[in-house]
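Descriptive analysis of the structure
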Amino acid sequence: MSTTIPWRSWLLLGALSLLLFLITASTFSSLGVVLPAMIKENGWSFFHGFLGFTLLGAFCGASSKFPAILIRKIGVRGAILAGSAVMVAGFACLALSPGLLVYWLGTALLGAGYQMMALIPGTHVLSMLFKKRALPFGIYFTIGSLGGVAGPWMVVTGMAAAHGGWRPYWWAQAVASVVVGALCAALVGGRAWLEAAAVETDKAVAEDIQAAPANTKVYRTAVDWTVKEAVRTPQFWVIMAAYFAHLLGGVTAVSLAPTHLSELHVASAVAIAAISLESLMQVAARMGGGLLGDRVDPRWLLAGAQGMMAVGLLALGHAASWPLLMLFAVGVGIGFGLTVLAVSILLLNYYGRKNNLEIFSLVCLVGAVSA
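First, a word on what this report is: a plain description of the structure on this page.

A few words now on empty space enclosed by the protein. One pass over the structure, following the stated rule, counts 2 cavities of 30 Å³ or more. For the largest cavity, the calculated volume is near 490 Å³. Per element, the largest residue contribution to the lining of the largest cavity is 7 residues, and it comes from helix α11 (residues 234-263). Here the lining of the largest cavity is composed, by residue class, of 18 nonpolar, 14 polar and 2 charged. One number sums up the size of the second largest cavity: a volume of about 40 Å³. Taken together, Lys131, Arg133, Ala134, Arg220, Asp294, Ile345 and Asn349 make up the lining of the second largest cavity. Residue composition of the lining of the second largest cavity, grouped by class: 2 nonpolar, 1 polar and 4 charged.

The following block contains the structure:
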């Protein structure tokens, strides 16, 4: 008798995607837009203010092993609930921000909470439920990218409603984290159901690999590699280097673009529109990658994404005109959006599902270095 229920798998995909949307919008995509107001009101220097963005990215990467350990110990549901609590604490610190230390603590907590609630548990659950993963992963990352589009406009709307105040915005994000975190925890199911679903998924994947022709375009391993075996392959280090490069470029662009574009005398509304377009291109790249990932080998998607990222970052350096602003948005958007999708699928295709939680977490550690 089948353990997996198709509608439940897709419902979970929707809930996890909503969660990724929310925390993407409220952290990386919001902080860079709110920061100028926080810096002005508190009298901070730009160095000290943007150090918080560095801590956000650093703790997002450095804490990536912790969610994997937590999931193995207390299950996905427990990890999501713990992550929700950490996110609330982080937003509370930002909302209060009586000084730099509390602000820095808040950004560090948000970085750790991001990993505990989003990428690691999300990709782990989806890999357990779907045998063809490119499309559900594409949907998951696409909706997450929409958070990047919505984030700057959420800030503008929220601060306008608060008559220019930024503290109520962070409190609202704390409430939203509780609501969406509780929804996902309720839907994700217990450990027994997920493990039974994973057994069926692994069986279906093995049957597909065995039946695939020898010249198949997309390689998928028939063996689950251990972490030690995976890190001894050159492919692992190429994938990790690509993940490092996309985070280094993407986080730099998102965090510094508002200030950088203002120094180039780009109007604030135009700058926000360009940043949102960059996030919109992430959406398009991830949806396109999800549709292609089971037909075109993801290594080619990854190579193309890295090239686009380089072009977009070069354009951002001199983006005082519309053509260069568009090139920045398209290049960084496609490069950033497609890289994380291609990396996630490649790790599963090359090394299997059973130890992917630890392997993917290890790749995410490089985020601390890139930040």
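What follows concerns helix α15 (residues 356-364). Of all 9 residues that make up α15, 8 are buried, and the element is covered over most of its length. Within α15, burial applies to Asn356, Leu357, Glu358, Ile359, Phe360, Ser361, Val363 and Cys364.

If you walk through the whole model with that rule in mind, you get 13 aromatic pairs. Between Phe28 and Tyr114, the ring centres sit 5.4 Å apart and the planes meet at 85°, which makes this aromatic pair edge-to-face. Taken together, the positions of Phe28 in helix α2 (residues 28-42) and Tyr114 in helix α5 (residues 100-117) put the pair 86 residues apart, joining distant regions of the chain. The exposure class of Phe28 is buried, given its relative accessible area of 15%.

Here the largest pocket is characterised by a volume of approximately 330 Å³. Considering the residues around the largest pocket, the lining is formed by 16 residues, among which Val33, Pro36, Pro258, Ser268 and Ile272 are closest to the centre. In terms of residue class, the lining of the largest pocket is built from 11 nonpolar, 4 polar and 1 charged. In terms of lining residues, the second largest pocket is bounded by 14 residues, among which Arg72, His124, Met128, Arg191 and Glu195 are the most central. Secondary structure elements with two or more residues in the lining of the second largest pocket: α4 (65-96), α6 (119-129) and α9 (191-211). Tallying contributions element by element places α9 first for the lining of the second largest pocket, with 6 residues. In the lining of the second largest pocket, the residues fall into 6 nonpolar, 2 polar and 6 charged.

Turning our eyes to something else, we now look at the packing of helix α7 (residues 134-161) against helix α14 (residues 322-351). Two elements in contact, α7 and α14, have axes whose closest approach is 10 Å; the angle formed by their N-to-C orientations is 150°. As α7 packs across α14, the resulting crossing turns out to be right-handed. The segment α7 lies against α14, with Ala134, Phe137, Gly138 and Phe141 engaging Val340, Leu341, Ser344, Ile345 and Leu348. Residues of the contact of α7 with α14, tallied by class, amount to 7 nonpolar, 2 polar and no charged.

This model, assessed by the stated rule, comprises 4 salt bridges. One salt bridge in this structure joins Glu358 and Arg72, with 2.7 Å as the shortest N-O distance. Of this pair, Glu358 sits in helix α15 while Arg72 is found in helix α4, placing the two residues 286 residues apart along the sequence. By relative accessible area, Glu358 is classed as buried at 17%. By relative accessible area, Arg72 is classed as partly exposed at 39%. For Asp297, the salt bridge is made with Arg299, and the minimal N-O distance between the two is 3.8 Å. Classification of Asp297 by relative accessible area gives buried; the value is 9%.

Rules and cut-offs
Residues numbered from 1 in each chain as written. Predicted model: local features only at pLDDT ≥ 70, side-chain atom pairs only at ≥ 80, totals over all residues. Heavy atoms only, no water. 1 Å grid on protein atoms, 1.4 Å probe; cavity = no way out; pocket = protein on both sides within 12 Å on 5 of 7 lines; lining within 4 Å. Points joined across faces, edges and corners; volume = space filled by probe spheres on them. Helix = DSSP H or I, 4+ residues; strand = E, 2+ residues; numbered from the N terminus. Nonpolar A, V, L, I, M, F, W, Y, C, P; charged D, E, K, R; others polar. Buried < 20%, exposed > 50% of the residue type's maximum accessible area, 1.4 Å probe, protein only. Phe/Tyr/Trp six-rings, centres within 6.5 Å; stacked < 30°, edge-to-face > 60°. Axes fitted to C-alpha atoms, helices over the stretch in contact; angles between N-to-C directions. Left-handed = near helix turned anticlockwise from the far one by under 90°. Contact = heavy atoms within 4.5 Å. Salt bridge = Lys/Arg side-chain N within 4 Å of Asp/Glu carboxyl O.

Everything listed here is a matter of geometry and, on its own, says nothing about what the molecule does.
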